[in-house]
Amino acid sequence: MRFLFAYLSLSLVLASTTTVFAADAPAPSKQVAPKGIQTITSVEGITEYRLNNGLKILLAPDPSKQTITVNVTYLVGSRFENYGETGMAHLLEHLLFKGTPKHPKVYQELSARGARPNGTTWYDRTNYYETFSASDNNLAWALEMEADRMVKSFIAKKDLDSEMTVVRNEFESGENKPFSVLLKRMDGAAYDWHNYGNPTIGNRSDIENVSIDRLQAFYHKYYQPDNAVLVVAGNIDTQKTLNLITKYFNPIPKPKRVLAPLYTIEPAQDGERFVNVRRVGDVQIAAAAYHVASVQHADRAPLNVLSVILGDTPTGRLHKALVQTGKATSVGTYLADTHDPGLFMVYVGLRLQDSLDVAREELLRVVEIAGAAPPTAEEVKRAQTKFASEFDLLTANTERLGVALSEAIAGGDWRLLFWERDQINAVTPAEVQRVASHYFKRDNRTLVQFVPTDKPDRAEVPPSADVATLLKNYKGSAVVAVGEAFEPTQANIDRRTLRSSLPIGMKLALLPKKTRSSIVNVKIQLHFGDEQSLRNRKEAAALAGNMLLRGTKQHNRQEISDAFDQLRADVGITGAADGASVSIQTTRENLPAVLRLVVECLAEPSFPVDEFNSLKREIQAQVEGQRREPQGIAMNELQRLFNVYPKEDPRYVGSFDEQLAELAKVTPEDTKRFHADFYGASDSELAVVGDFDPKEIQALVEELFGKWKSPQKYARLIDTYHDIPSVNKILETPDKANAFLIARENLKLRDDDSDYPALELGNYMLGGGFLNSRLSTRIRQKDGLSYGVGSQLSVNALDPASKFGIYAIYAPQNVRKLEAAIREEFERVLKDGFTAEEVAAAKQGLLDSRKLNRAQDEILAGAWTTNLYLGRTFQWSADLEKKIAALTPNQIRDALRRNLDLAKLSIVKAGDFMKADKK
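Since we're looking at a predicted model, the values are computed, not measured.

**What to know about the overall build of the protein**
Then comes step 1: What the protein contains, in helices and strands, is 33 helices and 23 strands.
Then comes step 2: On C-alpha atoms alone, the protein measures out to a radius of gyration of 37 Å, which is more than a quarter above the 29 Å that the 2.2 N^0.38 rule sets for 919 residues.
Then comes step 3: Considered along the principal axes of its C-alpha atoms, the protein spans approximately 110 × 70 × 65 Å.
Then comes step 4: Looking at the 919 residues of the protein, the share that counts as buried comes to 53%.
Then comes step 5: Contacts in the protein between residues at least 24 apart in sequence constitute 82% of all its contacts with a sequence separation of at least 6.
Then comes step 6: Within the structure as shown, the protein displays about 42,300 Å² of accessible surface, and the carbon and sulfur contribution to it stands at 51%.
Then comes step 7: The positive charge centre, built from 115 side chains, and the negative charge centre, built from 118, are 2 Å apart in the protein.

Dropping the structure here:
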């Protein structure tokens with residue numbers, strides 16, 4: 001029960017200035033609206049009124065007719081349906097013919113009066129109309145019946161059950177029609193989010209399973225006078241009709257509920273889409289849909305003209321290119337009448353023996369060159385004449401007019417019917433060419449083909465199971481080891497950890513404890529080289545480290561991967577310019593075998609050429625993928641602003657082009673040579689935390705690493721403080737919806753500086769924690785300017801060279817507000833500091849967060865490798881937390897003032913700011 005038209009849509013078939021009344025017809029006498037009815041406006045013989053309960057009324061008197069049409073349009077269709085409710089508006093349309101207590105047999109009453117009734121559902125509206133012989137009695141009956149079923153329809157379970165067969169039959173009949181199926185698939189593919197992607201008939205499972213409670217709730221929400229428009233057209237007396245409307249509709253109270261506006265906007269399509277439908281059939285179809293403006297937009301008029309220029313028979317361009325040449329048997333266009341932006345569809349039908357590929361390509365060629373092949377004045381005039389003719393016929397028939405007004409009402413206002421007629425009449429060839437160029441683009445296209453197939457090959461997916469039945473009496477099959485209660489205090493960690501070192505230089509930290517499922521975590525950190533020996537070898541170092549799991553002298557990559565899977569191990573190895581990191585998680589029983597295989601990967605890699613080339617392509621793709629991403633661009637630019645090292649230094653940060661150029665130079669031999677020159681365990685740390693036998697692992701580590709000496713002496717790369725001049729840069733990243741801001745200033749301090757504890761807590765309150773910092777509370781929670789915003793403090797443990805930074809993810813149009821808010825909060829903190837309440841809460845939060853980290857074995861293992869490298873125990877952490885706990889608000893404020901300076905903060909912003917400025 002829905003309308004489908006080709007290039008002429010019933011709601012807005014508009015072209016001439018012909019009015020409802022002939023020029024020599026007598027003017028209607030002035031009417032006095034009854035009490036409770038407000039006169040709103042009149043256009044071309046149609047007058048709008050409104051009741052106090054919100055009901056809109058349109059009267060279109062035509063004394064030349066001997067019929068009356070009563071149409072009620074409810075502003076609800078499939079666009080308003082929620083998840084699991086598709087098809088509900090259409091179901092409801094059926095049930096409103098099942099009667100009310102006063103009119104229990106609506107069908108019979110309509111038949112008894114010889115009426116022509118129907119109901120239809122579409123995306124934006126549902127309407128009910130009946131046309132009958134003009135008489136006061138019939139009109140009174142129709143108005144009373146429509147008022148009654150507006151709010152008193154049964155919407156009963158028994159009626160839903162009985163009507164379900166009818167609706168299912170309607171659904172199935174559509175499934176039998178190739179064009180209907182194609183339209184469903186097209187809408188579904190064309191829309192990502194908007195409900196126009198769901199067919200009005202709904203999803204079969206939703207139709208069959210929707211509860212009567214949900215259906216009744218939908219009815220009571222939308223079937224109300226403030227969401228309806230009543231149209232009465234034909235041979236009516238205006239005064240009598242208004243009196244009857246007042247009598248029957250005015251007693252319906254205005255509902256207390258307020259309808260929330262729908263706000264989903266379909267984003268611009270960002271690439272062509274293609275769908276094949278393979279079903280039994282005897283006709284081939286290709287159709288393309290393009291997103292276009294809604295009925296409320298000025299572009300609709302030239303689009304309507306364009307629909308005739310392309311789709312008319314026999315003068316349309318598609319007919320001439322495809323039908324007259326024998327490539328197809330039928331063509332057409334369809335411009336959907338929708339309240340929100342909708343679709344312009346073109347289609348071609350052809351016989352089985354004809355080439356679908358040829359027809360499809362010709363269809364797309366004709367449509368998508370329309371912008372480059374402007375319409376002639378003759379083509380535009382022919383289309384305008386056709387619309388004028390249709391409009392004359394429409395307005396001459398008040399039955400059609402009354403129903404057609406439903407579409408304009410659903411589009412936003414009934415006057416659109418006349419407005420677009422005038423717009424079409426004024427369309428120029430240049431406007432038609434403009435809309436063709438703007439909308440008929442490859443990236444805005446959804447192409448769907450119906451390919452007839454005698455034996456469709458489908459995968460029927462079974463429904464979800466009854467979980468309660470499925471898992472009844474299920475006990476599980478694995479025996480899970482229970483871990484011990486381990487208190488993650490620094491003192492307990494130090495007390496339980498066994499620390500030692502190998503003669504070769506490797507330092508060990510072994511923390512055995514019972515864990516759930518006997519899990520154990522291992523971290524290994526290798527250090528190698530010095531500033532001189534690592535020069536010009538940064539890329540080779542990274543590739544060498546990342547090649548270690550891709551093959552050894554005994555095993556290829558697949559064998560290594562399979563072995564770790566069999567050993568229930570998760571292993572990662574990453575390489576850097578001056579070291580390599582290994583992370584292992586496995587079980588107690590598998591740890592020895594996993595360690596042996598890891599050492600094989602570290603010490604005996606084979607560097608297969610095919611794997612090297614594959615890895616190199618992966619890294620190149622990663623770099624190339626950052627070249628247009630706001631976050632990657634901004635971060636790279638900021639790092640380069642703070643870069644003080646020459647190009648050959650391993651700490652140098654290159655541009656994306658430089659990185660790609662250096663990667664291109666590296667050969668498999670370079671990675672082999674780097675490994676041979678540097679890899680060994682002379683300067684390394686190994687930490688094991690979890691369920692293991694410390695004596696067994698100590699002996700195994702000595703066996704595996706004890707003789708693996710590093711070829712060259714290690715000397716760490718020393719960081720130095722540099723006072724970098726402040727900059728504020730904007731980088732354009734076209735066609736990116738989000739923008740990224742990153743800021744930094746260098747700090748001259750180490751983590752043993754007396755100000756460090758205060759800086760740590762101050763940063764936590766300024767931009768750390770979870771959505772509860774000053775920056776987050778202001779910028780995300782209050783102003784709603786950023787999805788993610790925060791500050792970061794990175795303090796060096798060995799050199800007085802640290803850094804402070806701020807970051808934010810945001811919409812480009814908010815860049816000025818965002819930066820102003822960041823500066824305001826930064827200045828406020830430096831001026832006023834934090835309250836005692838903030839400090840107390842932050843202390844608790846920060847200390848609890850640090851305790852939580854110590855309770856994670858993988859984090860604990862990594863912390864031990866760092867402590868071993870620095871020559872510390874967890875007592876250092878305990879001392880730091882004591883200092884944090886003793887801080888006062890003034891101490892925090894003073895430390896921030898001494899070390900942070902807004903004037904030294906360099907800021908880089910990347911985003912599509914030019915596009916945002918145009919909005």
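**Comments concerning the pattern of salt bridges**
Then comes step 1: By the definition in use, this model includes 72 salt bridges.
Then comes step 2: Measuring nitrogen to oxygen at the nearest pair gives 3.2 Å for the salt bridge that ties R550 to E611. Taken together, the residues R550 in the loop between α18 (538-546) and α19 (557-566) and E611 in helix α21 (residues 609-626) connect sequence positions 61 residues apart. For the residue pair R550 and E611, the accessibility class agrees, reading buried in each case.
Then comes step 3: The residue R778 makes a salt bridge to E825 at a minimum N-O spacing of 3.0 Å. Of this pair, R778 sits in helix α27 (residues 774-782) while E825 sits in helix α28 (residues 815-832), and the two are 47 residues apart along the sequence.

**Some details on the nonpolar core**
Then comes step 1: In terms of nonpolar packing, the biggest core is built from 66 residues, with M506, L602, F674, L686, V688 and F705 touching the most fellow members.
Then comes step 2: Other than its neighbours up to four places away in sequence, F674 contacts F528, L534, R537, A540, A541, A544, A577 and Y679.
Then comes step 3: In terms of nonpolar packing, the next biggest core, distinct from the first, is built from 55 residues, L96, I201, Y219 and L242 among them.

**Things to note about the sheet that holds strand β6 (residues 126-133)**
Strands pair in a sheet through their backbones, by hydrogen bonds, and they do so in one of two ways: parallel or antiparallel.
Then comes step 1: What the seven strands build is an open sheet, ordered β1-β2-β3-β7-β4-β6-β5; its pairing is mixed. The sheet is open, and its two borders are formed by β1 (37-43) and β5 (116-121), each paired with just one other strand. Looking at each pair of strands side by side, their axes are set apart by 15 degrees on average, direction ignored.
Then comes step 2: Across four bridges, the pairing between strand β2 (residues 46-51) and strand β3 (residues 56-61) is antiparallel.

**Quick word on the packing of aromatic side chains**
Then comes step 1: Summed over the entire model, instances satisfying the criterion amount to 23 aromatic pairs.
Then comes step 2: Ring centres of Y123 and Y196 lie 4.9 Å apart, and the angle between their planes is 55 degrees; on these two criteria the pair is classed as tilted. Residue Y123 is located in the loop between β5 and β6, and its partner Y196 is located in the loop between α5 (178-190) and α6 (204-209); the two are separated by 73 residues in the primary sequence. For the pair formed by Y123 and Y196, the shared burial category is buried.
Then comes step 3: A centroid spacing of 4.5 Å and a plane angle of 35 degrees characterise the contact between F674 and F678, whose relative ring orientation is tilted. Linking F674 with F678, this pair stays in helix α24 (residues 668-678), spanning four residues, or about one helical turn.
Then comes step 4: On the accessibility criterion, F674 (0% relative accessible area) is buried.
Then comes step 5: Under the relative-accessibility criterion, F678 is labelled buried at 0%.
Then comes step 6: In textbook terms, an aromatic cluster arises when at least three aromatic residues are bridged by ring pairs, as seen for Y74, F97, Y107, Y128, Y219 and Y223.

**Thoughts on a nonpolar patch on the surface**
Then comes step 1: On the surface, V467, L470, L471 and Y474 cluster together into a nonpolar patch covering about 450 Å² of accessible area.
Then comes step 2: Residue position: L470 is located in helix α16 (residues 467-470).

**A short note on the side chain of D857**
Then comes step 1: Inspection of the secondary structure assignment puts D857 in helix α30 (residues 857-870).
Then comes step 2: Classification of D857 by relative accessible area gives buried; the value is 12%.
Then comes step 3: Residues within four places of D857 in sequence aside, it is in contact with K513, T515, N521, V689 and G690.

**So, the sheet that holds strand β9 (residues 284-292)**
Then comes step 1: Pairing is mixed across the open sheet formed by five strands, whose spatial order is β8-β12-β9-β11-β10. Looking at the sheet topology across the chains shown, the edges are occupied by β8 (273-279) and β10 (330-335). Neighbour-to-neighbour, the strand axes of this sheet turn through a mean angle of 15 degrees, independent of strand direction.
Then comes step 2: Where β8 and strand β12 (residues 445-452) come together, seven bridges link them in parallel fashion. If you follow R278 over to β12, its bridge partner there is V451.

So, how was this worked out
- Residues numbered from 1 in each chain as written.
- Predicted model: local features only at pLDDT ≥ 70, side-chain atom pairs only at ≥ 80, totals over all residues.
- Heavy atoms only, no water.
- Helix = DSSP H or I, 4+ residues; strand = E, 2+ residues; numbered from the N terminus.
- Rg over C-alpha atoms; globule rule 2.2 N^0.38 Å.
- Buried < 20%, exposed > 50% of the residue type's maximum accessible area, 1.4 Å probe, protein only.
- Contact = heavy atoms within 4.5 Å.
- Areas by Shrake-Rupley, 256 points an atom, 1.4 Å probe, with all protein chains shown as cover.
- Lys, Arg positive; Asp, Glu negative; His and termini not counted.
- Charge placed at Lys NZ, Arg CZ, Asp CG, Glu CD.
- Salt bridge = Lys/Arg side-chain N within 4 Å of Asp/Glu carboxyl O.
- Core = buried A, V, L, I, M, F, W, Y, C linked by side-chain atoms within 4.5 Å.
- Pairing = 2+ DSSP bridges.
- Axes fitted to C-alpha atoms, helices over the stretch in contact; angles between N-to-C directions.
- Phe/Tyr/Trp six-rings, centres within 6.5 Å; stacked < 30°, edge-to-face > 60°.
- Patch = residues over 30% accessible without salt bridge, like charges linked within 9 Å, V, L, I, M, F, W, Y side chains within 5 Å.

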